[in-house]
Amino acid sequence: GRQISERSRGMAFTMAFTKKAERTKGRLLNAAKELISERGFEKVSVEDITRKAGVAKGTFYHYFEAKENVVQELTFSKLLELFTATMEMEGSPEKKLSHYFMELLHEAEWMGVNLLRQWLRSVSDPKMIENSTARFEDGYRRIYAILQQGIDEGYLIKDTPVDLLTKLFLSHFTGALATWCILDAKFSLSKEAGPLVKEDIESVLKKYAASSVSPKS
């Protein structure tokens, strides 16, 4: 009985400690998101984040290796939410993909040009950053799923080359990001590249529209 009691106390302590750690990490993430949104990635330091979160500077490094890791985690969770919301949207794959890519462009602008350059390097050379290729493949699978949903719902013909179109849209999107980085963010991704991305999606998918099929309601 005594062993069970001690084990129960130990489990309770571990759960309380884990919850406290999750709350602390959450405060750091929220502080980073607010500060980076206000000032931009380059103008926010680790010290700024910990001060706003109300924790000691050393605490930051219990959860993250560097400031870049905070943005990666915030972006990863945001993209997952975005994909889920996009799949639940009503309407054509053109509408869904346009929405998805526009939100990605906003997210890229929020990340900032220097962090985006780092990401592009990492997916070009996966040995640089662990899991970078896996994250890129996540993007591939999500675009593929949106197109496949378009077939399943009767918007696109059955023979739509989903794999080819997924790679095409990904290449156009990463090309826009790379150009933005090369030109040192001299234009607005969302305001200038966004409308072109939408036109690109619509013109490509027009060829595969199942015009004789009524989309499922």
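About the cut-offs
- Residues numbered from 1 in each chain as written.
- Predicted model: local features only at pLDDT ≥ 70, side-chain atom pairs only at ≥ 80, totals over all residues.
- Heavy atoms only, no water.
- Salt bridge = Lys/Arg side-chain N within 4 Å of Asp/Glu carboxyl O.
- Helix = DSSP H or I, 4+ residues; strand = E, 2+ residues; numbered from the N terminus.
- Buried < 20%, exposed > 50% of the residue type's maximum accessible area, 1.4 Å probe, protein only.
- pLDDT = per-residue confidence, 0-100.
- Phe/Tyr/Trp six-rings, centres within 6.5 Å; stacked < 30°, edge-to-face > 60°.

**Considering the pattern of salt bridges**
In the structure shown here, the tally under the stated rule is 11 salt bridges. With its nearest N and O atoms 2.6 Å apart, the salt bridge here joins Asp138 to Arg141. Taken together, the residues span about one helical turn, with Asp138 and Arg141 both in helix H7 (residues 132-152) at a distance of 3 residues. By relative accessible area, Arg141 is classed as partly exposed at 47%. Two residues, Glu202 and Lys198, come together in a salt bridge whose shortest N-O distance is 2.8 Å. Residue Glu202 and its partner Lys198 are located together in helix H9 (residues 189-206), separated by 4 residues, close to a single helical turn. Overall, Glu202 belongs to the partly exposed group, its relative accessible area being 34%. Relative accessible area serves as the criterion here: at 40%, Lys198 is assigned to the partly exposed category. By sharing partners, the salt bridges in this structure join Arg39, Glu47, Asp48 and Arg51 into a single network.

**Focus on the confidence of the model for the chain**
When pLDDT drops low, the exact placement of atoms in the prediction is not to be read closely. For the chain, the mean per-residue pLDDT works out to 84, and 84% of the residues sit at or above 70. Averaged pLDDT values for the elements of the chain fall to 72 in helix H1 (residues 2-39) and rise to 94 in helix H2 (residues 46-53).

**Points about the packing of aromatic side chains**
For any pair of aromatic rings, geometry is given as the distance between the ring centres together with the angle between the planes. In the structure shown here, the tally under the stated rule is 5 aromatic pairs. Seen from their ring centres, Phe60 and Phe64 are 5.4 Å apart, and the 45° between their planes marks the pair as tilted. Overall, the relative accessible area of 0% leaves Phe60 in the buried class. Exposure remark for Phe64: the relative accessible area of 4% places this residue in the buried category. With a centroid separation of 5.2 Å and 40° between ring planes, the pair formed by Phe101 and Phe173 is classed as tilted. With Phe101 in helix H5 (residues 93-111) and Phe173 in helix H8 (residues 162-182), this pair connects stretches of sequence that are 72 residues apart. These aromatic residues form a ring-pair network of at least three members: Phe60, Tyr61 and Phe64.

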